[in-house]
Amino acid sequence: MMFTVAIDGPAAAGKGTISKRVAAFFGFAHLDTGLIYRATGARVLAGEEALEAARSLRVEDLQRDDLRTTEVAQAASKVAVMPEVRAALVDFQKDFARREGGAVLDGRDIGTVICPDAEVKLFVTASDEIRAERRFLELSGKGQDVTREGVLEDLRIRDQRDREREAAPLAAAADAVLIDTSEMDIEEAVAVAISAVEAVLKR
Ligand code: DC
């Protein structure tokens, strides 16, 4: 069976957790496409040229344990502006989406560009302050030296760059289900996402 769930939204809205939980619930594979851009950004921070890094990206690059920092996130958002870099990463994502057994992909342009024919599209948002608070707790919990103001600033700068770029900007697909998680805990958000998928599977 081929079945694609596309989950988009701004940074730290809850896409990652929702995607993992939806994939586990239905037995689908999951790809966090932000990791591809983060891995490319990390190699640029280490001195490589962006397009070269994107073209030679390997699975091991996605498994690095240093990709979840605000520095790497900013580098990812910057390489993601370049149309050639995005183009180099398209096939990998499309192949993943059409794998046998179902797939969940989360990112910024999955429902609009990578998988415009996805069976389910979700757009997950939350207020800036709530996203910043959640990301602050996550990063400080991992021992990273971050402040609430610094995390909020990082999210706002990235969201603006991600929304305003020419190539595949962050946007909800016209047929996406909007999920605002500002007033939901994670269990509620996951339940809403699972019901949206179930509604389509039952058809
Ligand atoms: O989801 P994330 O925060 O790990 O993503 C990091 C950056 O990568 C994000 O700010 C923009 C870019 N990105 C993108 O342009 N397209 C995607 N599908 C996923 C991420």
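As the structure is a prediction and not an experimental result, all values here were calculated from the model.

### Thoughts on the site of the ligand
Residues in contact with the ligand amount to 14 residues; listed here are only the nearest, Arg38, Arg86, Arg158, Asp162 and Arg165. Between Arg38 and the ligand, the recorded distance is 2.5 Å, taken from a side-chain N or O atom to an oxygen atom. Side-chain polar atom of Arg158 to an oxygen atom of the ligand: 2.9 Å apart, as the coordinates give it. When the ligand sits alone it has 440 Å² of accessible area, and the protein chains cover 97% of it. Examining the composition of the shell around the ligand, we find that three residues originate from one element, helix α2 (residues 34–45), more than from any other. Here the residues of the shell around the ligand are counted per class, giving three nonpolar, four polar and seven charged.

### A few points about the pairing of strand β3 (residues 103–107)
The buried fraction of β3 is high, at five of five residues. Both faces of β3 are covered, namely the face carrying Ala103, Leu105 and Gly107 and the face carrying Val104 and Asp106. Where strand β1 (residues 4–8) and β3 come together, five bridges link them in parallel fashion. Its bridge partner lying in β3, Asp8 is registered against Gly107. Of the strand pairs in this sheet, strand β2 (residues 29–32) and β3 are connected by four bridges, and their pairing is parallel. What sits directly across from Asp32, in β3, is Asp106.

The rules behind these values
- In this convention, every chain numbers its residues from 1, walking through the sequence in written order.
- With pLDDT at 70 or above as the cut-off, local features in this predicted model cover only qualifying residues; side-chain atom pairs require 80 or more to be listed or tallied, and sums for whole chains, interfaces and linings still use all residues.
- The side-chain quantities take in all heavy atoms of the structure and omit both hydrogens and water.
- Whether a residue is near a molecule or strand is decided by its heavy atoms; if any one of them lies within 4 Å of it, the residue is near.
- As used in this structure description, the phrase polar contact means that two N or O atoms lie within 3.5 Å; if the pair is within protein, one of them must be able to donate a hydrogen and the other to accept it, and residues adjacent in sequence are counted only when both atoms belong to side chains.
- For every accessible area listed, the method is Shrake-Rupley and the probe measures 1.4 Å; residues are considered covered only by the protein chains on display.
- For helices the rule is a DSSP run of H or I covering at least 4 residues; for strands it is a run of E covering at least 2, with both sets numbered from the N terminus onward.
- Each residue gets one of three labels, nonpolar for Ala, Val, Leu, Ile, Met, Phe, Trp, Tyr, Cys and Pro, charged for Asp, Glu, Lys and Arg, and polar for the others, Gly among them.
- Any residue under 20% of the maximum accessible area for its type is buried, any over 50% is exposed, and the rest in between are partly exposed; the area is computed with a 1.4 Å probe on protein chains only.
- By definition, two strands form a pair when at least two bridges between them are found by DSSP.

Everything listed here is a matter of coordinates, which is why it stays silent on function.
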